Amino acid sequence: MTRMTRWGVTAVLAAVTVVSVAGVVTAEDQPKPLYDRLGGVYSIATVVDDFIERLLVNHTLNANPAINQARAHVPKAGLKFQVTVLVCEVTGGPCRYTGRAMKESHQQLNITEGQWQAMVVDFQKTLDKFKVPAKEQGELITIVDSTKTDIVMPATSQR
């Protein structure tokens, strides 16, 4: 090979190597979905079970007659199942939530800011109980917070 050809081949190989190294992303480089970091559906179901049990005895939520009426129509096991599937999906798992939208399922409950905050406190207690790491807790809280406008009635409507 001539000197020019060798340099050309070397330059092309170097360029290909740089592109290959820069363009190759291994599975180790990509962060695991939140679903996997939470331990999958069984771990999510365990956390949801504890969380729903807390909500069922929460005095602030129980003071809302609309919530009590809804509880009479929605079996506890069904609620736990739907919440588990929803969390599974929104955290990147294989589940597909087919239940009602947040706004539709909460619009008649007249949930106030105070009741929302009581729910958040219970959620935090559950996450702490199961020692969910801070990073994952933050991601979950962000997901929950993204539903707030669909769940909490506007301050002007609150009594």
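This one's a predicted model, so the numbers in the text were calculated from it and none came from an experiment.

Participant: Explanation requested: unusual backbone geometry in the structure shown.
Facilitator: Phi is mostly negative for residues that are not glycine, and the peptide bonds are mostly trans. In this model, Asn 110 sits at a positive phi of 55°, which is unusual for a non-glycine residue. If you trace the backbone, Asn 110 turns up in the loop between helix 7 (102-106) and helix 8 (113-129). Classification of Asn 110 by relative accessible area gives partly exposed; the value is 30%.

Participant: Explain helix 9 (residues 134-145) to me, please; I cannot follow it from the model alone.
Facilitator: Turn by turn, an α-helix covers 3.6 residues, leaving residues three or four places apart pointing in a common direction. Between its terminal C-alpha atoms helix 9 stretches 16 Å, which fits the 16 Å expected from twelve residues at 1.5 Å a residue. Buried within helix 9 we find Glu 136, Gln 137, Leu 140 and Val 144. Looking down the long axis of helix 9, one finds its buried residues gathered within 100° of arc, a one-sided arrangement. Residues of helix 9 that are exposed and angled more than 90 degrees away from the buried face: Ala 134, Lys 135 and Thr 142. Structurally, helix 9 contributes buried residues whose contacts are with helix 2 (34-37), helix 8 and helix 10 (148-151).

Participant: Any chance you could explain helix 6 (residues 76-90) here in plain terms?
Facilitator: Taking 1.5 Å as the rise per residue, helix 6 with 15 residues should run 21 Å; its terminal C-alpha atoms sit 21 Å apart, in good agreement. Inspection of helix 6 places Lys 80, Val 83, Thr 84, Val 85 and Cys 88 among the buried residues, and these make up the whole buried set. Phi turns positive, to about 95°, at Gly 92, one or two residues after helix 6.

Participant: Please clarify how the pattern of salt bridges should be interpreted in this entry.
Facilitator: Pairs can form between side chains of opposite charge once their charged atoms are near each other. For the structure on display, the rule yields eight salt bridges. Residue Lys 80 is joined to Asp 49 by a salt bridge in which the shortest nitrogen-to-oxygen separation is 2.5 Å. On the criterion of sequence distance, the pair formed by Lys 80 in helix 6 and Asp 49 in helix 3 (residues 41-56) is long-range, its members being 31 residues apart. The exposure class of Lys 80 is buried, given its relative accessible area of 14%. Glu 53 is the salt-bridge partner of Lys 76, the closest N and O atoms lying 3.1 Å from each other. One end of the pair, Lys 76, is in helix 6; the other, Glu 53, is in helix 3, and 23 residues separate them in sequence. Salt bridges sharing common partners tie together Asp 49, Glu 53, Lys 76 and Lys 80.

Parameters at a glance
- Residues numbered from 1 in each chain as written.
- Predicted model: local features only at pLDDT ≥ 70, side-chain atom pairs only at ≥ 80, totals over all residues.
- Heavy atoms only, no water.
- Helix = DSSP H or I, 4+ residues; strand = E, 2+ residues; numbered from the N terminus.
- Buried < 20%, exposed > 50% of the residue type's maximum accessible area, 1.4 Å probe, protein only.
- Expected span 1.5 Å × (residues − 1).
- Arc of directions from axis to C-beta.
- Contact = heavy atoms within 4.5 Å.
- Salt bridge = Lys/Arg side-chain N within 4 Å of Asp/Glu carboxyl O.

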